[in-house]
Structure formats: C-alpha cells, structure tokens
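# Fold and contact review
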Protein chains: 2
Amino acid sequence: MSEPASPPSTPEGLVDLLALLAYGELTAFSRLAADADLAPALSAKAALGRLATIEYGHFELLRARLAELVGDPDAAMEPFVAAVDAYHDRTAPTDWLEGLVKAYVGDGIASDFYREIAARLDPAARDLITEVLHTSATADFVVATVRAEIERDPRVAGRLALWGRRLVGEALSQAQRVAADREGLTAMVVGVQAGTGGDLTEVVAMFSRLTERHSERMQRLGLTA
Amino acid sequence: MSEPASPPSTPEGLVDLLALLAYGELTAFSRLAADADLAPALSAKAALGRLATIEYGHFELLRARLAELVGDPDAAMEPFVAAVDAYHDRTAPTDWLEGLVKAYVGDGIASDFYREIAARLDPAARDLITEVLHTSATADFVVATVRAEIERDPRVAGRLALWGRRLVGEALSQAQRVAADREGLTAMVVGVQAGTGGDLTEVVAMFSRLTERHSERMQRLGLTA
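## Focus on the overall build of chain A
Scanning chain A for helices and strands turns up ten helices and zero strands. Mapped from its N terminus to its C terminus, chain A presents α and β elements in the order α-α-α-α-α-α-α-α-α-α. The 225 residues of chain A split such that 51% are buried. Once local pairs closer than 6 in sequence are excluded, the contacts in chain A between residues at least 24 apart make up 79%. For chain A, the accessible area works out to roughly 10,000 Å², and carbon and sulfur atoms hold 57% of it.

## Brief notes about the interface of chain A and chain B
Contact with chain A, which involves 26 residues of that partner, is made by 26 residues of chain B. Approximately 2,000 Å² of surface area, both sides summed, lies buried where chain A meets chain B, with 59% of it carried by carbon and sulfur atoms. Contact with chain B buries surface across chain A, with Asp37, Leu42 and Tyr56 of chain A losing the most and accounting together for 27% of the total. Our count for the contact surface shared by chain A and chain B stands at four salt bridges.

## Quick notes on the pattern of salt bridges
Residue and element names in this part refer to chain B. For the structure on display, the rule yields 34 salt bridges over all chains. Here Glu68 ties to Arg65 by a salt bridge, and the two come within 2.8 Å at their closest N and O atoms. Remark: Arg65 and Glu68 occur in helix H2 (residues 42-70); sequence separation between them is three residues, near one turn of the helix. A relative accessible area of 23% places Arg65 in the partly exposed class. Across the pair Arg159 and Glu98 runs a salt bridge whose closest N-O atoms are separated by 3.1 Å. Taken together, the positions of Arg159 in helix H8 (residues 156-181) and Glu98 in helix H5 (residues 96-118) put the pair 61 residues apart, joining distant regions of the chain.

## A look at the nonpolar core
Of all hydrophobic cores here, the largest spans 133 residues; its most connected members are Ile129, Val146 and Leu221 of chain A together with Leu17, Ile129, Val146 and Leu221 of chain B. In this structure, Leu17 of chain B is in contact with Phe113, Tyr114, Ile117, Leu121, Ile129, Leu185 and Met188 of chain B, ignoring residues within four places of it in sequence.

## Looking at the relation of the copies chain A and chain B
For the match of chain A to chain B, the screw axis carries a shift of 0.0 Å, the RMSD comes to 0.0 Å, and the turn is 180 degrees. On the angle and the small slide along the axis, the relation comes out as a two-fold axis. Within chain A, the C-alpha atom positioned nearest to the axis of rotation is that of Ala34 of chain A, 2.5 Å from it. Mapped onto chain B, 100% of the interface residues of chain A again fall at the interface, so both copies present the same surface.

## Here's the deal with the environment of Thr224 of chain B
Relative to the elements of secondary structure, Thr224 of chain B occurs in the segment after helix H10 (200-221). Discounting residues that sit within four places of it in the chain, Thr224 of chain B has contacts with Ala161, Arg165 and Met218 of chain B.

## Quick word on the confidence of the model for chain A
All names here are of chain A. Counting all residues, the mean pLDDT for chain A is 85, and 89% of those residues have values of 70 or more. Note that residues 1-10 has pLDDT below 50 and, in this model, 15 contacts with residues that lie over four places away or in other chains. With pTM at 0.83, the complex prediction returns an ipTM value of 0.79.

## Topic: the side chain of Glu55 of chain B
Residue and element names in this part refer to chain B. Mapped onto the elements of the fold, Glu55 is located in helix H2. Lys102 is the oppositely charged side chain nearest to the buried, salt-bridge-free Glu55, at an N-O distance of 10 Å. Apart from residues no more than four positions distant in its own chain, Glu55 is found in contact with Glu25, Ala28, Phe29, Leu32 and Asp107.

## Brief notes about helix H9 (residues 183-190) of chain B
Residues and elements named next belong to chain B. All buried positions along H9 are accounted for by Gly184, Leu185, Met188 and Val189. Looking straight down H9, one finds its buried side chains confined to an arc of 135 degrees; they lie on one side. Just downstream of H9, Gly191 is the residue with a positive phi angle, here 75 degrees.

## Focus: the packing of aromatic side chains
Counting across every chain of the model gives seven aromatic pairs over all chains. Consider the rings of Tyr56 of chain B and Phe59 of chain B, whose centres lie 5.5 Å apart with planes at 55 degrees: the pair is tilted. Of this pair, Tyr56 of chain B and Phe59 of chain B are both found in helix H2, three residues apart, which corresponds to roughly one turn of the helix. Judged by its relative accessible area of 2%, Tyr56 of chain B is buried. Judged by relative accessible area, Phe59 of chain B falls into the buried class, the value being 1%. Through successive ring pairs, a cluster of aromatic residues spans Phe29, Tyr56 and Phe59 of chain A together with Phe29, Tyr56 and Phe59 of chain B.

## With respect to the side chain of Gln174 of chain B
All names here are of chain B. If you trace the backbone, Gln174 turns up in helix H8. The exposure class of Gln174 is buried, given its relative accessible area of 5%. Excluding its chain neighbours within four sequence positions, the residues that come into contact with Gln174 are Ala83, Ala86, Tyr87 and Arg90.

Analysis parameters
Residues numbered from 1 in each chain as written. Chains lettered and ligands numbered in written order. Predicted model: local features only at pLDDT ≥ 70, side-chain atom pairs only at ≥ 80, totals over all residues. Heavy atoms only, no water. Helix = DSSP H or I, 4+ residues; strand = E, 2+ residues; numbered from the N terminus. Buried < 20%, exposed > 50% of the residue type's maximum accessible area, 1.4 Å probe, protein only. Contact = heavy atoms within 4.5 Å. Areas by Shrake-Rupley, 256 points an atom, 1.4 Å probe, with all protein chains shown as cover. Buried area = accessible area lost by both parts, 1.4 Å probe. Salt bridge = Lys/Arg side-chain N within 4 Å of Asp/Glu carboxyl O. Core = buried A, V, L, I, M, F, W, Y, C linked by side-chain atoms within 4.5 Å. Least-squares fit on C-alpha atoms with pLDDT ≥ 70 in both. pLDDT = per-residue confidence, 0-100. Lys, Arg positive; Asp, Glu negative; His and termini not counted. Arc of directions from axis to C-beta. Phe/Tyr/Trp six-rings, centres within 6.5 Å; stacked < 30°, edge-to-face > 60°.

If you want it as structure tokens, here you go:
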C-alpha cells in the first residue's frame, strides 16, 4: 500500500483520488438528503433533495470509472470511509441554514480542490472530474436563501461565519489524516515527480488559491470568512 | 373503468391523492437516503441510495402534475406533512435491516394502496400513478439481503417480524388521521358516488387484499406477518 513517491499518473494515486471523490459524493448525497428534512419550507426541502440526487449521479459515474480501473470499486473506497464519515459526524448541521452553508462551502472547497488536481491528470480522468464537478444552479438558491435569512435576522451572520470556519477546520484535519495514510495520493497532490521532492511552491500557491476562493464564497453568502 | 361525473374524479380528491403521494415520495427519499448511511457495506449504501433517488424522481413527476392542476403544489402537499412526518418519526429504523424492511414493506403497502385507488381515476392520473409505482429491481436486493441476514442469525426474524407489525400499525394510525381530516380524499378512497353511501363491501375487500399482499411480502422476506 505504501509505495515510494510515484509519478502523478500512476493508477494508485488516481484510483485513490477517484475513490475519495466517489465516497465523498455518496456521503454528501446521504447527508444532504437527510438535512433536507430540516428545511422549514417544502420548496427548500425539494431543492436540497434535488442537489442530493445530483451528487448521487456523480457517485455513480465515478464508481463506474473505478470499476473499469480496479474491478472492485467498493474496496477502493474503503480506505476513505473513516475520514469522510468523521468529517460529517463532526459537522452535523443543527438547522437547515447550517445545512445549506455546509453544502455550499463544502462542495465549493471540494470542487476547487479536485479541479486543481485534475489539471495534472490524463485527459480521460480530467474530463470525468470536470463533468462531475459541473456546478449546478442550486448554488444560486443557497446564496439567495442565506442572504435573505441574514437580512431578516442579522445575528445569523455571526453564527454562520463561525460555522464556515469550523467546516474548513474539520475538512483540513481529515485531509491531513488522509494525506498521512495514502502516500500515492499525497504524492499526486503534491505533484511529486519520480526522484524529485515535488514542487512545494506550487502546493503552497494551490492552498492559497483554495483559501482565496473559499473567502469569495463566504462573501457571496454575506459572511466573513 | 372511466366513470365520468362522479366524486372519484373531482379535482379535490385527486389533488389530495397526488399531493399525499408526492409528499410521501419526497419524505421517503429523504429518510431512505439517511438510512443508507446505516448500511455496513458500501454496496448496500449505494443500493439504498439508488432506491432513494428513484423516489425523488417520482416526487418530481407528481409535483409537476400537481403544478398543472393547482398552480401551487407545495400548498397542496402542506395538509399531509404532519401525518407523513409523524409516521416516519415513529418508525425511525435503529439499524439498516430495519431500514431495509421499512423501505420494502412501506413502499409495498403504499404501492398497493395507490394501485387500488388508481383504478377509479381518469386515464391520465392512472397512468401517472402507475408510472410512479413501477416497481424497481431494488426489491430483489432487499429480499436477498434480509433472507441472508436471517440465515446468518435466525433471532433477527422475530425482531423484524415485530418491526413489520409496528410499521403497519403506525401507517394505519396516520391513515385514519388523514381520512378524518380530508373528506374529499376519503370519499374517493371509499368510492362514494354522489347520493350513495359508497360501496363499503368493496372497501372491506380492498383492505383485505392489502393485508393479504402485505403478508405475502413478509413471507418473501422470511418473516411472519
């Protein structure tokens, strides 16, 4: 399982990436569908439900690709179950606004991260990831709803801003756990070439871009990052 | 089967029927997707998730039809929120086997009930309901999984048989609540013709058919009804 630094396009790192993304989508589906039940209005419940089913569609695409690559896609996902579940267990929304912000912020960070990585993949894998991450119109619904709630009750903004920071903190902490466990994946993310130490400057730049885009999303919601 | 100008085809009862079915599907989607998280194996989680997304598709079909009939489909569903939510709150599965049995038994009774009613509707409404209730292959997955679990641990059978009875009891109790609140719907179910007291013999026969089919489903799972 722990091979030394391998090139970016080795199956191991790619399989890990697709497997992590697949299990992430399956779990996002399940949690978001459950959070939909917290929505006060039927229209919001339906909108969150629709977002959830889109995530399930992505999961099926990714699992089909994994099955082509490794035969047993579930075994490929297994190593990521603990970290992804831990993230969700520690960020269970207590109301539907928290659920909305979680869906928007969490999907946003995950999409940005996968897009960054996709640039380093072969064209087939890149196309799949780009298709899966194609942003849906649901983002507009989330932004409009959260902004309207803040206008109605400005105190909501402080609580949701804190919540956004907690989401990022928990995501980073689980990402570290995955990085420590899965060397092939980490090598791919860090962009390690055989025999080199990887381009650390580029990694730092990537994390700074991810942070920047997260702040933009929080601002769009009317929140301080 | 096309009897014109009778209460069965009045908009009120039909709108109620479609609205109840629509909200039932939306809630079934949400609860089932959440229950999927209880599954021990990724394959089971994925299978339950797929079943949930099918229910969401049904919800969208029904809501679109409601929107054609009444303009505001959410307002049409509102009267059924309390009863459907109460059913789910009182039958929250404590493990994934209970979730599987609930999905199978609950969907089965609901499908049989809607099929019974559909016979009294105009062809367009009948076709919609028949399409929505088209049984999926997931039933085979549920039957195989529950039977395998019972083989592995025969004590499971007694607990799940009790669970099946509780599901039916809670469903009946919420159905009574809906029947008392929604006269138009009740009249349609009872088959009241203008100026008559309805065909009570037929209602009794219908409930006996529903019970019979429920017992068959329980037997298919390896359980006593």
